[in-house]
Amino acid sequence: MAGPKSKLGRKARTKQGPVPTLDEFRQGVLDPRKRAQQKNNDGESRKRKREDKGESLKNSRKENIVFEKAKADLFEVDEKVEKEENVAREDDFYVFGDEEDKFDIDEEEIENDNGNESEEVYDSEDENEQGRAMFSDDEGDQDMLDAANQQGLAKAFKDDSEDEEAVEAEGEADEFDADSDNEGEADEFDVNSDDEFGPGDEEDVEINVDSTITNVLPSGQEVETPSNVPPDIHISRTRIQEILNVLDDFGKYGEAGRSRSDYVAQLIADIANYYGYTEFLAGKLFELFSPREAIDFFEANEVPRPVTIRTNTLKTRRRNLAQALVNRGVNLKPIGNWTKVGLQIFDSQVPIGATPEYLAGHYIIQAASSFLPVIALAPQEKERVLDMAAAPGGKTTYISALMKNTGCVFANDANKARTKSLIANIHRLGCTNTVVCNYDAKDFPRVIGGFDRVLLDAPCSGTGVIAKDPSVKTSRNEKDFVDLPFLQKQLLLAAIDSIDANSKTGGYIVYSTCSVTVDENEAVVDYALRKRPDVKLVETGLEFGVPGFTSFRGKEFNHKLSLTRRYYPHTYNVDGFFVAKFKKMKAKEQKVNGTSTV
Ligand SMILES: C[S@@+](CC[C@H](N)C(=O)[O-])C[C@H]1O[C@@H](n2cnc3c(N)ncnc32)[C@H](O)[C@@H]1O
């Protein structure tokens, strides 16, 4: 995306302090109101200075290297790991379905029959598709790493001057380069590292409220400014805060003659302007949250998520991997208590996608949220598992590892070009129980069925991964949120139909997306529950996550939708994600339970 709006997004990325681990992040956001108030500091000149000055790896290493603590956690891992090196050659793999390019629309009883298969399906793991700057499970992503490390290692800089130009003229900026000794000064100002909206602390906000309530919304004349003049982002930024204050207590602060929806409409317009979204998408995402939480969400989309890797337990153990990487100058620590295989990378003196350990398949660069659907799927040894939309294979290879290379994983993707990276990852990580195939997943179970478990990590709009791909801000339109759910519904029915209800160990389907919209998540799941009364929603088994919506904007969903889990960047410092887990019931269970259980 080009233009001033995207610039704003990039600028905003540099404004936050050290990236917390996922667990720390969860604790830190328990009081969103407090966080929002913290943002009320005068950040404009300070922000620019921080951008100019960069961040000191030297200083931050002292503060952020937590390997000693990490080691203690890591050594808890006591799984016995097979160390067998896999030497399978790419040629050994036959890509099933090569001969056909099937994209015919299935004849399923899709309620919404005006949708077409979208060409623009989003893949959170694809770095190349449609020229997007993507973050891959496969590739090095050193830029991404650098950006995140800068965030992760950020030190706030002293800024006691209100006149930034004067400070710069004095050449003080030079004092704050990476080798600066001004650690003490920097420490003093850490507290302000997370600010955004500018002026004032809590008290100032209160004063501000009373003085601005009558002027928050633009007058008729102001509204009529020529359409070719872009709205001022500074005005938008200030007004966002003011409107939030009004909406906090509309009875007290709302202007006579103005409705709450007038304020909300202006707020959405300002969000779109300030953060660089289309008004359509800003509105769609805004409606998922309370106004203040929505701002937290939009803010979090301006900041990269931590760089994370997953240990490949087919080849090594996490503590051994961590030690090997630390020896190479990588600063890391465990992601959180909820995963025994994840590591968060703070910075690295070597490209994290090209270390000997990487090349030997000891780890994969993988977003933390991408672990979650596989944890929910909980594949067992010796099972038959289908990964319906598998490329580039972050989840397939995790499934394979959890199954300890036993049983069989069918890794399918409709995009033949993408099966290359899928195969490459499968080889690199030494997965020998995997068959790659290239079908439109709607063709399952006609291709092959009777699986113990099926993962559908569906193509989606990518509204959960805007920090990785800001082009989503402007590229999504209303049609996408018709076409994508149409495809997702078809795929989910095919996933359910591919399961062996009589599986002795399984019978589970996991549906996931890296989108946060209800259209692509709860509405799809609810549709499947109505169309397939032989499945019910079950607990995902995931330790954290916000329950899915059981109703949304007048639509009622199956009450069991509360068993699904949502993940937001502002809540858990992970990509936005959605996970639902179904169990297909055996014929006799259906009799006992009836359809009312689903
Ligand atoms: C979110 S990505 C999958 C990421 C993958 N699960 C991983 O963890 O690496 C969605 C994938 O769906 C594939 N896809 C899109 N339409 C499909 C269809 N009709 N059948 C099968 N795969 C499809 C895309 O090519 C893309 O690779």
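Below you will find a few notes about this structure. Every value quoted in this text rests on a predicted model; they were computed, and no experiment measured them.

Considering the sheet that holds strand E4 (residues 363-365)
Point 1. Taken in spatial order, the 4 strands make up an open sheet running E2-E3-E1-E4, and their pairing is antiparallel. If you trace the sheet from one side to the other, it starts and ends with strand E2 (330-334) and E4, each paired once. Strand-to-strand twist across the sheet, computed as the mean angle between neighbouring axes with direction ignored, equals 35°.
Point 2. Bridge count between strand E1 (residues 307-311) and E4: 3 bridges; the pairing is antiparallel. Bridging across to E4, Ile 309 finds its partner in Ile 365.
Point 3. With respect to the sheet, helix H17 (residues 318-327) is in contact with E1, E2, strand E3 (342-348) and E4, its orientation differing from that of E2 by roughly 155°.

What to know about the packing of helix H15 (residues 279-286) against helix H16 (residues 291-300)
Point 1. Put simply, H15 and H16 touch, their axes get as near as 10 Å, and they point 120° apart. It follows that H15 is oblique to H16 by the angle criterion. For the pair H15 and H16, contact is made by Ala 282, Leu 285 and Phe 286 and by Pro 291, Ala 294, Phe 297 and Phe 298, respectively.
Point 2. Among the residues forming the contact of H15 with H16, the class breakdown is 7 nonpolar, no polar and no charged.

Topic: unusual backbone geometry
Point 1. Residue Ala 391 is joined to Pro 392 through a cis peptide bond whose omega torsion reads 5°.
Point 2. Mapped onto the fold, Pro 392 is located in the loop between strand E5 (384-387) and helix H20 (394-402).
Point 3. With omega at 10°, the peptide bond leading from Phe 444 into Pro 445 counts as cis.
Point 4. Assignment of secondary structure puts Pro 445 in the loop between strand E7 (434-437) and strand E8 (453-457).
Point 5. The phi torsion at Lys 404 lies on the positive side, around 50°, for a residue other than glycine.
Point 6. Summarising the element assignment, Lys 404 is placed in the loop between H20 and strand E6 (408-412).

Description of the nonpolar core
Point 1. Core analysis: the biggest nonpolar cluster contains 70 residues, and Leu 492, Tyr 511 and Phe 582 have the highest contact counts within it.
Point 2. Not counting the four nearest positions on each side in its chain, Leu 492 is found in contact with Leu 456, Ile 509, Tyr 511, Val 524, Val 525, Ala 528 and Phe 582.
Point 3. Ranked by size, the runner-up nonpolar core spans 26 residues in total, among them Val 341, Ala 368, Cys 460 and Cys 514.

As for the packing of aromatic side chains
Point 1. One pass over the structure, following the stated rule, counts 19 aromatic pairs.
Point 2. Taken together, a centroid distance of 6.1 Å and an interplanar angle of 85° make the contact between Tyr 439 and Phe 444 edge-to-face.
Point 3. Of the aromatic side chains, those joined through ring pairs into one cluster are Tyr 274, Tyr 275, Tyr 277, Phe 289, Phe 297, Phe 298 and Tyr 568.
Point 4. Lying across the ring of Tyr 527, Lys 489 places its NZ or CZ 5.2 Å from the centre.

Observations regarding the side chain of Ser 471
Point 1. Tracing the chain through its elements places Ser 471 in the loop between E8 and helix H22 (472-475).
Point 2. The buried category is assigned to Ser 471, whose relative accessible area is 17%.

What counts and what doesn't
- Residues numbered from 1 in each chain as written.
- Predicted model: local features only at pLDDT ≥ 70, side-chain atom pairs only at ≥ 80, totals over all residues.
- Heavy atoms only, no water.
- Pairing = 2+ DSSP bridges.
- Helix = DSSP H or I, 4+ residues; strand = E, 2+ residues; numbered from the N terminus.
- Axes fitted to C-alpha atoms, helices over the stretch in contact; angles between N-to-C directions.
- Contact = heavy atoms within 4.5 Å.
- Parallel < 35°, antiparallel > 145°, perpendicular 65-115°, else oblique.
- Nonpolar A, V, L, I, M, F, W, Y, C, P; charged D, E, K, R; others polar.
- Core = buried A, V, L, I, M, F, W, Y, C linked by side-chain atoms within 4.5 Å.
- Buried < 20%, exposed > 50% of the residue type's maximum accessible area, 1.4 Å probe, protein only.
- Phe/Tyr/Trp six-rings, centres within 6.5 Å; stacked < 30°, edge-to-face > 60°.
- Lys NZ or Arg CZ within 6 Å of the ring centre and 35° of its normal.

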